[in-house]
Amino acid sequence: MDFPQLLRGAALRVTRPRVAVLGAVYAHPHADTESIIGAVRRELPEVSHQAVYDALRALTAAGLVRRIQPSGSVARYESRVRDNHHHVVCRSCGRIADVDCAVGEAPCLTASDDQGFVIDEAEVIYWGHCPACSTASNSRSL
């Protein structure tokens, strides 16, 4: 992935922290801010927390990354943008996975009553237990 070109295409200045943050988000889907800071510091040990927060804010505003925050969770970031996908979250371990729209052509963008809003995005989160936690739970029940 050509991160400098992505930044330029979004009219953002190319900086080492922004490139490193983009790389971390692409390498670690649904990572929280602390995980991203850790990944960036492996590449740029001197980078500050504030530089990472600033980069995440700029990248999110430019539409290069997406910020999600499932109920009861810290903010997380992903590189999959502009395709109206959803998420499934494990109630036990907190694992998050992407889920495509159930019916295909972004059906959830058509609300039963939009209350006059012009809707451009919908966020659906499915909750349950991931395969590992389901198996562990079933094993304990026996």
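Structural notes, computed from the coordinates. (Residues numbered from 1 in each chain as written. Predicted model: local features only at pLDDT ≥ 70, side-chain atom pairs only at ≥ 80, totals over all residues. Heavy atoms only, no water.)

Across its full length, the protein chain carries five helices and six strands. Taken along the three principal axes of its C-alpha coordinates, the protein chain extends 50 × 45 × 25 Å. Taken across its 142 residues, the protein chain has 35% of its residues classed as buried. Put simply, 46% of the contacts in the protein chain that link residues at least 6 apart link residues at least 24 apart. By element, 51% of the accessible surface of the protein chain is carried by carbon and sulfur atoms, the whole surface being about 8700 Å². In the protein chain, the 15 positive side-chain charges and the 16 negative ones have mean positions that sit 8 Å from each other. (Helix = DSSP H or I, 4+ residues; strand = E, 2+ residues; numbered from the N terminus. Buried < 20%, exposed > 50% of the residue type's maximum accessible area, 1.4 Å probe, protein only. Contact = heavy atoms within 4.5 Å. Areas by Shrake-Rupley, 256 points an atom, 1.4 Å probe, with all protein chains shown as cover. Lys, Arg positive; Asp, Glu negative; His and termini not counted. Charge placed at Lys NZ, Arg CZ, Asp CG, Glu CD.)

The strands that make up a sheet are held in pairs by hydrogen bonds between backbone atoms, and each pair lies either parallel or antiparallel. Strand order in the open sheet formed by three strands is E1-E3-E2, and the pairing between neighbours is antiparallel. Only two strands of the sheet have a single partner each, and these edge strands are strand E1 (31–32) and strand E2 (66–68). Relative to strand E3 (residues 76–78), E1 is paired through two bridges, and the arrangement is antiparallel. When the bridges of E3 are listed, Ala31 appears paired with Tyr77. (Pairing = 2+ DSSP bridges.)

So, on to the pairing of strand E4 (residues 86–90). Most of E4 is tucked away: four of the five residues are buried. Relative to strand E5 (residues 96–99), E4 runs antiparallel, the two being bridged by four bridges. Counted as the bridge partner of Val89 is Ile96 from E5. Once E4 ends, the chain turns through five residues before running back antiparallel as E5, passing Gly94 with a positive phi of about 85°.

Axis angle and axis distance: for two packed helices, these are the angle between their axes and the distance between the axes, and together they describe the pair. For the pair helix H2 (residues 16–27) and helix H3 (residues 33–43), interaxial distance at closest approach is 9 Å and the crossing angle is 125°. By the criterion of interaxial angle, the relationship of H2 to H3 is oblique. Judged by the twist between their axes, the crossing of H2 over H3 is right-handed. Only Ile36, Ala39, Val40 and Glu43 of H3 make contact with H2, whose side of the interface consists of Ala20, Val21, Ala24 and Val25. (Axes fitted to C-alpha atoms, helices over the stretch in contact; angles between N-to-C directions. Parallel < 35°, antiparallel > 145°, perpendicular 65-115°, else oblique. Left-handed = near helix turned anticlockwise from the far one by under 90°.)

Considering only enclosed or pocket space, the largest pocket measures out at about 260 Å³ in volume. Taken together, 14 residues make up the lining of the largest pocket; nearest its centre are Arg66, Val81, Arg82, Asp83 and Glu121. (1 Å grid on protein atoms, 1.4 Å probe; cavity = no way out; pocket = protein on both sides within 12 Å on 5 of 7 lines; lining within 4 Å. Points joined across faces, edges and corners; volume = space filled by probe spheres on them.)

A separate point is unusual backbone geometry. Phi angles above zero are rare outside glycine, and Arg82 is one such case at about 65°. Residue placement: Arg82 occurs in the loop between E3 and E4. The residue Gln115 is not glycine, and still its phi comes out positive at about 55°. Tracing the backbone through its elements, the reader meets Gln115 in the loop between E5 and strand E6 (125–128). Looking at Gln115, the relative accessible area reads 59%, which means it is exposed.

This part takes up the sheet that holds E6. Strand order across the open sheet formed by three strands is E5-E4-E6, with mixed pairing between neighbours. The open sheet has two edge strands with one neighbour each: E5 and E6. Put simply, the sheet's adjacent strands are angled 25° from each other on average, direction ignored.

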